[in-house]
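Notes for the structure review
So you can see what is in the structure, the chains are spelled out below.
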Amino acid sequence: MAEKSAIKRHILIIEDEPSLRLGMKHFLSTQGYRVSLCADGAEGMEAIKKGDFDLVITDIRLPHCSGFEILDIVKNQYPDKGIILITAYADVKDAVQAIKKGAFDYIAKPFSNEELLITIERFFKFQSLENEVTLLRETLKNKEGFADIIGVSPEMKLVFDRITSVAKTDVPVLIEGESGTGKELVANAIHNLSSRKDKPFVKINCAAIPEHLFESELFGHERGAFTGATETRKGKFEYANGGTIFFDEIGDIPLVLQPKLLRVIEDHAITRLGGNATIAVDVRIIYATSKNLKELVKEGRFREELFYRINVVPIQLPPLRKRVEDIPYLIDHFLKYYMKKYDKPELRISQEAYQALLSYHWPGNVRELKHAIERAAVLSKDGVITLSDLPEEISGPGIPCISEGYTLEESLRCFEREMIRRALKDAGGKKTEAARRLGISRKVLWKKIKDYEIE
Ligand SMILES: Nc1ncnc2c1ncn2[C@@H]1O[C@H](COP(=O)(O)OP(=O)(O)OP(=O)(O)O)[C@@H](O)[C@H]1O
Ligand SMILES: [Mg+2]
C-alpha cells in the first residue's frame, strides 16, 4: 500500500527499547515506508518540531517525557498528522485516555508485525478518506458563490461583474465561449447566487438529445401520446419549476422545435405531448453556446426571433490564450486540488514545464489545462512535475520558425503558415472557425491556404 504513492510515507517511531525499535524499522522499511527512529522523549520532541512526518508511533512510557506529552504536541501543532500509541501492559485506562485525546489508535505490547501493519494501513486509509471529505466539503462550499471560478484578467473581471449583476434577476443569459472555457461553471454560479439556489438546476444538452425525443424531454408527455409512452412523464421544464433551466449548446436545438421553445419562453407555460392542459412554469433560463449564433441565423439554421429572445444579456468567456495572465492562477488552483486528491503532499513544477504550460496555446482551454495538470500530478515522480509528465503537444517544441539560416521574410512566412495550420487543426478543419480564431476573413484564409499549399 505504501509503495503506491511515489513519495514514501514517513513514520517517526519513538521507542526506548532498542530491539523493538530496530525491528519495527526493519519491517516497515520492507513495506515501503520511510522510517525515522528516536530513543527517548526529548529526541522525539526535537524530531517532531521539524514536522517532516506523516505518522508518529510512540511508546507511552519513555525517558524524559511521556507518550501523552508527545500526543498533545502532535495534536496541537500538527493536527492533520497521525499518532498511534504503544501501551506496555494493555492498560485499558491508558488506551482509552489516548483515544480520547485524539490518538488514532493504540497497540498493546507484545504485538506482531501484522498487527502493526494493519493499524498503520488503517490510519493512511482513514487519512485519504478524510482528504476526500475535505475536497467534497470545499466543492460544496464553492457552490455558494463563484469562488471556484479562477480568473484575474480584465476579461474575467467583466465576467464576474456580469454574473453578479444578473444573478438576482430573472433575465435570460446567454453564455458564449469556446469549448472548455467554463460556460457550465458560470451557469452554475448564476444559479447558486440567485434566490432560486435551493430549487432545481436542470441542464439540457441540446447537442445530445435525438431530435425525435426533444419535445417529450422538454415538455413531457401524457400516457399514450405516442407508441412507447406507457406512462405520463414530466418534462424538464416541469422539473425545473421554481428553479433554473440551462440549455447547453442552444445552437444545436432542431430548427423545427425553435418556435415551440419560443412559445414557452413567451407564455411561461407548457403543454405535455398528447395533452391539452396548459401547465404554468416559473423558470429562469440560461443558455450557452460554443457556436456563433449570429452566423447560424445568417445561415438560416437558427430563428432570428428566438435569437433576440435569448440574447438579452450576453456573457462572453474569452479563450484561455487571450487571457494568459489567468494561467498561473489556474495552474496553482488545479495543482492544489490534485495534490490533495492524489495524496501528494509536496508537488512542484519544474521551470521548463512551467514555461511550457505558460506558452502553450490551449485550444481546449481551461478543461485541457485541468486535464494536463491532473495527468502530470499522477505521473510525477519525487514531487516534481517535469516536461516529460506533460502531453507531447504541450511539452513539444513551439513553432519552429526561428532558425539560423532564415531571413526575416522566411521566418515570417513560416510562422504564418504554422499559425494557419494550427488554427485549422484546432478548429477541427472548419475554415469559418479557423478564420475567426485567427481574426481574418474567410476569404483571406482561403487565399493563404492556397498560397501556402496547406492540406
Ligand atoms: N475559470 C475557471 N476556473 C476554474 N476552473 C475552470 C474555469 N473555467 C473552466 N474550469 C474547469 O474546466 C472544465 C470545463 O469547464 P466547463 O465544463 O464549464 O466548460 P464549457 O465551456 O461548458 O465547455 P464545453 O463547451 O465543452 O461544454 C471544468 O472542469 C471546469 O471546472
Ligand atoms: Mg459545457
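Scroll up to find the structure.
Everything quoted here is computed from the prediction, not taken from an experiment. (Residues numbered from 1 in each chain as written. Chains lettered and ligands numbered in written order. Predicted model: local features only at pLDDT ≥ 70, side-chain atom pairs only at ≥ 80, totals over all residues. Heavy atoms only, no water.)

A separate point is unusual backbone geometry. Following Lys109, the chain continues into Pro110 via a peptide bond in cis, with omega recorded as -10°. Mapped onto the secondary structure, Pro110 falls in the loop between β5 (105-108) and α5 (113-142). The phi dihedral of Asp343 falls on the positive side, at around 55°, and the residue is not glycine. Tracing the sequence through the fold places Asp343 in the loop between α13 (327-341) and β15 (348-349). (Helix = DSSP H or I, 4+ residues; strand = E, 2+ residues; numbered from the N terminus.)

For strand β13 (residues 284-289), the buried fraction is high: six of the six residues fall into the buried class. Of the two faces of β13, both are covered, the one formed by Arg284, Ile286 and Ala288 as well as the one formed by Ile285, Tyr287 and Thr289. Across four bridges, the pairing between strand β6 (residues 173-177) and β13 is parallel. Bridging from a neighbouring strand, Leu174 pairs with Tyr287 of β13. Where strand β10 (residues 244-248) meets β13, four bridges bridge the pair, whose relative direction is parallel. The residue bridging Thr244 from the neighbouring strand is Arg284, located in β13. (Buried < 20%, exposed > 50% of the residue type's maximum accessible area, 1.4 Å probe, protein only. Pairing = 2+ DSSP bridges.)

Quick look at the sheet that holds strand β14 (residues 313-317) now. The pairing of strands in a sheet comes from backbone hydrogen bonds and takes either a parallel or an antiparallel form. Spatially, β7-β10-β13-β6-β14 is the arrangement adopted by the five strands of the open sheet, whose pairing is parallel. On the outer flanks of this sheet lie β7 (201-205) and β14, each paired with one strand and no other. If you compare each strand with its neighbour and ignore which way they point, the axes differ by 20° on average. Sheet strands in contact with helix α7 (residues 183-192) are β6, β7, β10, β13 and β14, and its direction is about 155° off that of β6. (Axes fitted to C-alpha atoms, helices over the stretch in contact; angles between N-to-C directions. Contact = heavy atoms within 4.5 Å.)

Take the packing of α13 against helix α14 (residues 351-359) next. For the pair α13 and α14, the least separation of the axes is 10 Å and the interaxial angle reads 125°. With respect to each other, α13 and α14 are oriented oblique. Remark: the crossing between α13 and α14 carries right-handed chirality. Of α14, the residues touching α13 (which contributes Ile327, Pro328 and Ile331) are Tyr354, Leu357 and Leu358. Per-class residue counts for the contact of α13 with α14 are six nonpolar, no polar and no charged. (Parallel < 35°, antiparallel > 145°, perpendicular 65-115°, else oblique. Left-handed = near helix turned anticlockwise from the far one by under 90°. Nonpolar A, V, L, I, M, F, W, Y, C, P; charged D, E, K, R; others polar.)

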